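Remarks on the overall topology
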Amino acid sequence: MLVQGIRGGERLSEEQFLARLKAIYQIIRQSKTLEVALETVGEGLLDILGVRLFTVYQCVENGKELLAIYRGGDAEYNSSSEIRVHFSATSVAGYVALSQRSILINDVNDTSELVDIHPRLQFDRRFSDERGWPIKPMIAVPIKDEVMLGVLQLINFEGDPSFDSSDLKRAAFVSQMLARQFRESLQSNGGPFDQLVKQGSLSSRDLADAQANASLRGASVSSVLMDNYSLSAEAIGKSLAHHYRVPFMAYDPALILPLRLLENISKGYLRKNLWLPVAGDKNEAVILIDDPSNHQRIMEIQGVLNARNYVFRVGLPEHIHLFLRDDSPPESSTSFEDLFSVLASQSKAAQPERLDDEDHGSETSGMIQLVNRVIAEADRLGASDIHIEPSREGAPGSVRIRVDGLCRQLLVIPEEHCAAAIARVKVISRLNIAERRLPQDGKCKLKLADRHIEMRVATLPTVHGESVVMRLLTPGSPMQLETLSLSVANQREIMTIATQPHGLFLVVGPTGSGKTTTLHAVLSKLNTPERKIWTAEDPVEITQDGLQQVQVQSKINFTFAMAMRAFLRADPDVILIGEMRDKETANIGIEASLTGHLVLSTLHTNSAPETITRLLDLGLDPINFSDALLGVLAQRLMRTLCANCKQAYEPGESERLRLLEWYGEEDFVNHGLETRQWTLCKAVGCSECGGTGYKGRMAIHEMLVCGSRLRGLIYRRASLDELRHQAAQDGMRTMRQDGIEKILSGHSDYSQLIQVVGVAID
Ligand SMILES: [Zn+2]
């Protein structure tokens, strides 16, 4: 078939468009099914959108596939064959479903334009070829509310008008309208346990009770159904399989898990997120998950595993925990008490003559074991530092560890062993054993069981004797951007910025707020053979193959500024500069970003807008700076509730209002958040979290994107208030708002957010 003339008609004005869309919406509301409705309004939609073709896809197979339920403008092919598209980055619709972002493509035949969006994105030319239509511009937008429901794709031919941002906006309007209809047709489909009611295993009253009971106890609905209603796992599994339309998989003790896929993923993380790979390889991974319709988690899984294809199975949370239970024997079964009694007997046997002058010759096997045990235990608990501290004479010393930013006592160490333990640490770190009056620092590497542990060691003389601190250096593979707890919008903004060919992107926050982790996650996205990446860091904590990483050394005057100048002579595409701590470094960074390089760096500032005023105060040229700046991400780490023991509850009115007010009620509504029905979680305490109720940390963010208005404000050195106001207008959510959203999703609580953002900071 030949292309007939350019799709005609004048472009509708905004009012005309909305008026006609409203009329279409009325028709859809009155139709029995969405399919029937689309038949009726198909031509009208083509017309108001000004496109040749459009396709409406609906998510099926729960997060695995899109099914085309209607194709406008393609009548002769409409009934011919079913079009199914996998959720994957290799097709336009599949990519939109996966990333949940809208895309506008000027020419789908231009491979470089597709690769810019995603390295694996392709356009299936068969579609175009079969029909003899040269397809050119395309828009695809997600149809979603809280979850992904489908994709709307608009297509024009060569010779037709191209698309611009106003078309994208109109497509978004139509997709919102469709989302409402999708939601209604889905709701009649019921919940995951409804099949049990339909088959008469349970009354609907019982099910409602069980669900309420589960949410009250913070337990899973399936566990309540098994415990209180004597339903079998198989019966529940059948209902889940029916609802999610993927097979149910029960716990099987004989199953051998695919170790290659589990490499580098901690079981704690999987237990918390309730999924695991149960079979397959990097080509096709089989994932067991309790909710295969949860797109947020599925995207995260894809980020973590990075397999080519995924197959899903649904399982009970209890069964997933069974698969993930830790059955490996502990590092050493000897308890600390046993070790101390060994030490006591050994020191009796050795009976050192001069207690005040032990050298490492008096080191016993018991002491070696004790120190190894302390390090292994600290490593197992995820500690960042170990402190071995003497106390006043006659009192025992102590070993404390820092976990998630807070110190806690690991053990009390009898006075007579404290100095010996510190001496042992000095031996393995190759420090001068005899020197106890001056501070020393060194490094050591240990192999305990299968783990290689690297530590930086510092000793300091106190009035009660030497004290030692060991920092455990977590050997560095980068984390994935998808696992950094970024909101969907922030992640999208970062990816947009990171794929710019030049400009400046800053990650800011206090020491220990995870800035390096974030930057390396961004770099891992950019780390492809086509890009030359130089980094200057102090210290190099995370290493990645493919990067050229340089350790700066201020002792010999090898500074960030000097490294930066050297990089510019070394043909870079992307440069990471550890910190923009002075005017010279900042100036070279801006110069580099204006001369065609993408520059990433960090700064110690409290908020994203404040970063701008800080740099201007440093004396940067506002014209160059405003041209260079792409965006600023501010972040902090907030402790999270222990996933094992946290308890869900419904907040009272005063608590609800406090959070609402703290967020800003107007923003709350504008950001589309649910104002009434909340389920929050609170700390309880169990053995997994040392009784504290908290385990692990999660970042909260504030993402400022430097748009044209902000650029203008920077140019004329506007005040912090003006910058902040404009950033909010441009859609920035403050760290506090991001934190409140994370409280609302049950990851943390009010007390923890206050600790990181304080009450007064805006
Ligand atoms: Zn706990």
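Conventions and cut-offs
- Residues numbered from 1 in each chain as written.
- Predicted model: local features only at pLDDT ≥ 70, side-chain atom pairs only at ≥ 80, totals over all residues.
- Heavy atoms only, no water.
- UniProt positions renumbered as here; feature names shortened; annotations may be inferred.
- Helix = DSSP H or I, 4+ residues; strand = E, 2+ residues; numbered from the N terminus.
- Rg over C-alpha atoms; globule rule 2.2 N^0.38 Å.
- Buried < 20%, exposed > 50% of the residue type's maximum accessible area, 1.4 Å probe, protein only.
- Areas by Shrake-Rupley, 256 points an atom, 1.4 Å probe, with all protein chains shown as cover.
- Lys, Arg positive; Asp, Glu negative; His and termini not counted.
- Charge placed at Lys NZ, Arg CZ, Asp CG, Glu CD.
- Salt bridge = Lys/Arg side-chain N within 4 Å of Asp/Glu carboxyl O.
- Phe/Tyr/Trp six-rings, centres within 6.5 Å; stacked < 30°, edge-to-face > 60°.
- Lys NZ or Arg CZ within 6 Å of the ring centre and 35° of its normal.
- Pairing = 2+ DSSP bridges.
- Axes fitted to C-alpha atoms, helices over the stretch in contact; angles between N-to-C directions.
- Contact = heavy atoms within 4.5 Å.
- Donors = N, O, S within 2.8 Å, 3.2 Å for Na, K, Ca; no water.
- Tetrahedral: all angles 85-135°; square planar, octahedral: opposite > 155°, others 65-115°.
- Core = buried A, V, L, I, M, F, W, Y, C linked by side-chain atoms within 4.5 Å.
- Parallel < 35°, antiparallel > 145°, perpendicular 65-115°, else oblique.
- Nonpolar A, V, L, I, M, F, W, Y, C, P; charged D, E, K, R; others polar.
- pLDDT = per-residue confidence, 0-100.

Where an unreviewed UniProt entry is consulted, the protein chain appears under the name Bacterial type II secretion system protein E domain-containing protein, with the organism given as OM182 bacterium BACL3 MAG-120619-bin3. Quoted verbatim from the Sequence similarities (unreviewed entry) field of UniProt, the annotation for the protein chain is "Belongs to the GSP E family."

Examining the overall build of the protein chain
Scanning the protein chain for helices and strands turns up 30 helices and 24 strands. What you see for the protein chain is a C-alpha radius of gyration of 30 Å, in line with the 27 Å of a compact globule of 762 residues. Viewed in the frame of its principal axes, the protein chain has a C-alpha envelope of about 100 × 70 × 50 Å. Taking all 762 residues of the protein chain together, 47% fall into the buried category. Roughly 37,100 Å² of accessible area belongs to the protein chain as shown, and the carbon and sulfur atoms make up 49% of that amount. On the protein chain, the mean spot of the 82 positive side-chain charges and the mean spot of the 97 negative ones are 1 Å from each other.

Concerning the pattern of salt bridges
Under the defined criterion, the tally for this structure stands at 20 salt bridges. Close ionic contact of lysine 525 with glutamate 482 constitutes a salt bridge, the shortest N to O distance being 2.6 Å. Here the residue lysine 525 occupies a position in helix α20 (residues 515-526), and glutamate 482 occupies one in the loop between β15 (465-473) and α19 (488-498), the gap between them amounting to 43 residues. With a relative accessible area of 28%, lysine 525 lands in the partly exposed category. The buried category is assigned to glutamate 482, whose relative accessible area is 17%.

Section: the packing of aromatic side chains
Per the counting criterion, the structure on display carries nine aromatic pairs. Between tyrosine 251 and phenylalanine 323, the aromatic rings sit 4.9 Å apart at their centres with planes inclined by 70°, giving edge-to-face as the arrangement. Of this pair, tyrosine 251 sits in the loop between α11 (233-244) and α12 (259-262) while phenylalanine 323 sits in helix α15 (residues 317-323), and the two are 72 residues apart along the sequence. Accessibility expressed as a relative area gives 7% for phenylalanine 323, which makes it buried. With a centroid separation of 5.0 Å and an interplanar angle of 80°, the aromatic rings of tyrosine 663 and phenylalanine 668 are classed as edge-to-face. Aromatic rings pair up to connect Tyr663, Phe668 and Trp678 into one cluster. It is arginine 658 that lies over the ring of tyrosine 750; its NZ or CZ is 3.5 Å from the centre. One Lys or Arg, lysine 682, reaches over the ring of tyrosine 649 and ends 4.9 Å from the middle of that ring.

A word on the sheet that holds strand β1 (residues 53-60)
In space, the six strands of this open sheet follow the order β3-β2-β1-β6-β5-β4, with antiparallel pairing throughout. Either end of the sheet is taken by a strand with one partner, and the two such strands are β3 (84-86) and β4 (103-105). Across this sheet, the average inter-strand angle for adjacent strands is 20°, counted without regard to direction. Against the sheet, helix α2 (residues 34-49) contacts β1, β2 (65-72) and β6 (148-157), and its axis sits at roughly 65° relative to β2.

Observations regarding the coordination of the zinc ion
Where a metal carries four tetrahedral donors, each ideal angle is 109.5 degrees; where it carries six octahedral donors, the ideal angles are 90 or 180 degrees. At this site the zinc ion is bound by Cys642 (SG), Cys645 (SG), Cys686 (SG) and Cys689 (SG), with donor distances of 2.3 Å. Angles of 105 to 115° at the metal separate the four donor atoms of the zinc ion, which places the site in the tetrahedral class. Sequence positions of the donors to the zinc ion reduce to the motif C-x2-C-x40-C-x2-C. One end of the pair, cysteine 645, is in the loop between β21 (629-641) and β22 (647-649); the other, cysteine 689, is in the loop between β23 (680-682) and β24 (694-705), and 44 residues separate them in sequence. Cysteine 645 gets classed as buried once you look at its relative accessible area, which sits at 12%. In this structure cysteine 689 comes out as buried when scored by relative accessible area, which is 1%.

Here's the deal with the pairing of strand β12 (residues 406-413)
Relative to β12, strand β11 (residues 397-403) runs antiparallel, the two being bridged by seven bridges. Directly across from arginine 400, in β12, lies its bridge partner glutamine 409. Linkage of β11 to β12, two consecutive antiparallel strands, is achieved through a turn of two residues, within which aspartate 404 is found at a positive phi near 50°.

Re the UniProt feature "domain: Bacterial type II secretion system protein E" (unreviewed entry) in the protein chain
In the numbering used here, UniProt assigns the "domain: Bacterial type II secretion system protein E" (unreviewed entry) feature to residues 568-582. As a span, residues 568-582 carries 7% helix and 27% strand, and end to end its C-alpha atoms are 18 Å apart.

What about the nonpolar core?
Soluble globular proteins tend to bury their nonpolar side chains together. Among the nonpolar cores identified, the biggest contains 57 residues, and Leu504, Phe625, Leu629 and Leu753 are the most heavily contacted of them. Broken down by element, this core gets its largest block of residues, five residues, from helix α21 (residues 560-568). Residues within four places of phenylalanine 625 in sequence aside, it is in contact with Leu504, Ile590, Ile612, Leu615, Leu616, Leu620 and Ile714. Membership of the second largest hydrophobic core comes to 36 residues, among which are Ala383, Ala421, Leu431 and Ile453.

Brief notes about the packing of helix α27 (residues 708-715) against helix α28 (residues 720-729)
Taken N-terminus to C-terminus, the directions of α27 and α28 make an angle of 175°; their axes are 10 Å apart at the nearest point. The angle between the axes of α27 and α28 places the two elements in the roughly antiparallel class. Across the interface between the two elements, Arg709, Leu710, Leu713 and Ile714 from α27 touch Glu722, Leu723, Gln726 and Ala727 from α28. Looking at the contact of α27 with α28 residue by residue, the class counts come to five nonpolar, one polar and two charged.

Things to note about the sheet that holds strand β9 (residues 309-314)
Read across the sheet, three strands follow the order β7-β8-β9 without closing on themselves; strand pairing throughout is mixed. For this open sheet the edge positions go to β7 (275-280) and β9, each flanked by a neighbour on one side alone. Adjacent strand axes in the sheet meet at a mean angle of 30° when their direction is disregarded. In this sheet, β9 lies alongside strand β8 (residues 284-289) in parallel orientation, the contact comprising six bridges.

Quick notes on the confidence of the model for the protein chain
Across the protein chain, pLDDT averages 85, with 91% of residues at or above 70. Confidence drops under a pLDDT of 50 for residues 1-6, and excluding neighbours within four residues, the segment shows 16 contacts in the predicted structure. Below pLDDT 50 for its whole length, residues 328-333 participates in four contacts with residues either more than four positions away or in separate chains.

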